[in-house]
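Breakdown of the fold
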Amino acid sequence: MIELSWPQVSARRLERAGLVTAAPGGPEETVAAMCGAHAQVMAAAELSVGLRLDGVTRVHVREALWKERSLVKTHGPRGTVHLLPARDLPRWVAALSTLPATPAPASIRMTDEQSDQVVAAIRDALQGAELTMDELSEAVVAATGPWAGDLVMPAFQTYWPRWRQVMHLAAQRGAFVFGAGRGRKVTYTAAPEAPPATDGPAWLAGAYLRAYGPATPAEFAQWAGGSVRWAKAAFAGVELEEVRLEGRPAWVLAGDTAVPGEPPRGVRLLPYFDAYVVAGRPRELLYAGAAARRALNGGQAGNFPVLLVDGNVAGVWHQRRSGSRIDVTVEPLRDLTPGQLGELQEQVLRVGEVMEGRPRLTIGPVTVGAHA
């Protein structure tokens, strides 16, 4: 059995993530290689994609999303908002629609029949339309009944209507994607029409292993938001090869055991919820020592933007924008060499290019807490 070290696996993942050299192609290909770009914080998604490409700014990412429509914004892994390639959306839907549902608290829970009614109402309301949340809510309640509008879901010091608990479920079933927006208001619209796919779970397992393998079904389940049983069934749909990562059993796609000849080198800045760190496991290897205490939030990755040095999390950072100026504060957890400091400055300049601002680097403590 092939034995792989953490440096070897780290180098392999970084290369495939477009974090060693600029990724080929454009935003669509980059997002595909990432298995989706987390977009709950849209600026972070733009930065995640832009940092992996040469000459790409946030405008190019927005054009791919709203003008070219080669990307879509929808609920992806773990029910969280992601950018996904439009071409792959049918396969994402085929995969995510098979995820076992997590029951809501009994006081707000909907029956399976009610959930199906809401999903159908969302799909019908958005055909040929682009609606705000208030407009969509009115349409859903009108189509299903007053029970759907009961204000029972605690949310940001207020309450949302009952039906919204299945919003992510509706997206994962292909009922909608995000629209371009109406001023400062978020909108929703019908998903682009495409033939349905049938190989979703196996396809998603293969894409995940290509990007983030070696991995286990349990790690895939945590990333996707499914059960281990679901993940094992997805793994069973692709041809695998067992390897050992630092002595632990893990799996790659059959024959996909090549690793770069050199250990990872270089300095990178990754924004909130970057796909590389969210999918990166084992956590104790990626976030070794002090990094786990400083850059993880209760074991959850992504709540802090991170500094990567030679493939490992080695600090946190934060950016604050004022007009065109972007103040970037980086808190390393170890001393950086002169060469690494030079690479860090280059990364800060690239952040400024992607976000179309004038960056200024400060090395010191980051006082901003974890993102919710």
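Residues numbered from 1 in each chain as written. Predicted model: local features only at pLDDT ≥ 70, side-chain atom pairs only at ≥ 80, totals over all residues. Heavy atoms only, no water.

**Side note on the packing of helix α10 (residues 217-224) against helix α11 (residues 228-235)**
Two numbers describe how α10 lies on α11: the axes approach to 8 Å, and their chain directions differ by 110°. Regarding the angle of α10 to α11, the classification is roughly perpendicular. The handedness of the crossing between α10 and α11 is right-handed. For the pair α10 and α11, the contacting residues are Pro 217, Ala 218, Phe 220, Ala 221 and Ala 224 in the first and Val 228, Trp 230, Ala 231, Lys 232, Ala 234 and Phe 235 in the second. Its residues assigned to classes, the contact of α10 with α11 shows 10 nonpolar, no polar and 1 charged. (Axes fitted to C-alpha atoms, helices over the stretch in contact; angles between N-to-C directions. Helix = DSSP H or I, 4+ residues; strand = E, 2+ residues; numbered from the N terminus. Parallel < 35°, antiparallel > 145°, perpendicular 65-115°, else oblique. Left-handed = near helix turned anticlockwise from the far one by under 90°. Contact = heavy atoms within 4.5 Å. Nonpolar A, V, L, I, M, F, W, Y, C, P; charged D, E, K, R; others polar.)

**A closer look at the environment of Leu 285**
With respect to the secondary-structure elements, Leu 285 resides in helix α13 (residues 283-286). Residues contacting Leu 285, with those up to four places away along its chain left out, are Trp 6, Glu 246 and Asn 312.

**Some words on the pairing of strand β16 (residues 358-363)**
Both strand β15 (residues 325-332) and β16 contribute to a ladder of 6 bridges, which runs parallel. The residue bridging Arg 325 from the neighbouring strand is Arg 358, located in β16. Between the parallel elements β15 and β16, the chain passes through helix α15 (residues 338-355) in a crossover that is right-handed. (Pairing = 2+ DSSP bridges. Right-handed = clockwise from strand over helix to strand, strands pointing away.)

**Regarding unusual backbone geometry**
The residue after Gly 213, namely Pro 214, is reached through a cis peptide bond having omega 0°. Locating Pro 214 in the fold gives a position in the loop between α9 (200-212) and α10. In this structure, Pro 282 follows Arg 281 across a cis peptide bond, with omega equal to 5°. Examined against the element boundaries, Pro 282 turns out to sit in the loop between α12 (275-279) and α13. One non-glycine residue with positive phi stands out, namely Gln 157, at about 65°. In this fold, Gln 157 is placed in the loop between β6 (151-155) and β7 (158-161).

**As for the packing of helix α3 (residues 42-50) against helix α4 (residues 58-67)**
Their axes nearest at 9 Å, the elements α3 and α4 cross at an angle of 105°. Put simply, α3 runs roughly perpendicular to α4. The segment α3 lies against α4, with Met 42, Glu 46 and Val 49 engaging Arg 58, Val 61, Arg 62 and Leu 65. When grouped by side-chain class, the residues that make up the contact of α3 with α4 number 4 nonpolar, no polar and 3 charged.

**Some remarks on the side chain of Thr 74**
Within the fold, Thr 74 resides in strand β3 (residues 71-75). We classify Thr 74 as buried; its relative accessible area is 2%. Not counting residues within four places of it along the chain, the set of residues in contact with Thr 74 comprises Thr 80, Val 81, His 82, Leu 84, Leu 89, Ala 171, Phe 176, Val 177 and Phe 178. (Buried < 20%, exposed > 50% of the residue type's maximum accessible area, 1.4 Å probe, protein only.)

**Focus: the sheet that holds strand β1 (residues 3-4)**
Judged by pairing direction, the sheet is mixed, and its 3 strands sit side by side in the order β1-β10-β11 without closing on themselves. Two strands in the sheet have a free side with no partner beyond their single neighbour: β1 and β11 (248-253).

**Considerations on the side chain of Thr 57**
Counting through the fold element by element, Thr 57 comes out in the loop between α3 and α4. Residues within four places of Thr 57 in sequence aside, it is in contact with Glu 353, Val 354 and Glu 356.

**Digging into the sheet that holds strand β2 (residues 37-38)**
As summarised here, the arrangement of the 3 strands in space is β2-β4-β3, forming an open sheet in which the pairing is antiparallel. Across the chains shown, the open sheet's two edge strands, defined by having one partner strand only, are β2 and β3. Summarising the sheet, β2 and strand β4 (residues 81-85) pair through 2 bridges and their orientation is antiparallel. Each residue of the ladder has a partner; that of His 38, found in β4, is His 82. Sheet strands touched by helix α2 (residues 27-34): β2, β3 and β4. Its angle to β4, the strand with the most contacts, is close to 120°.

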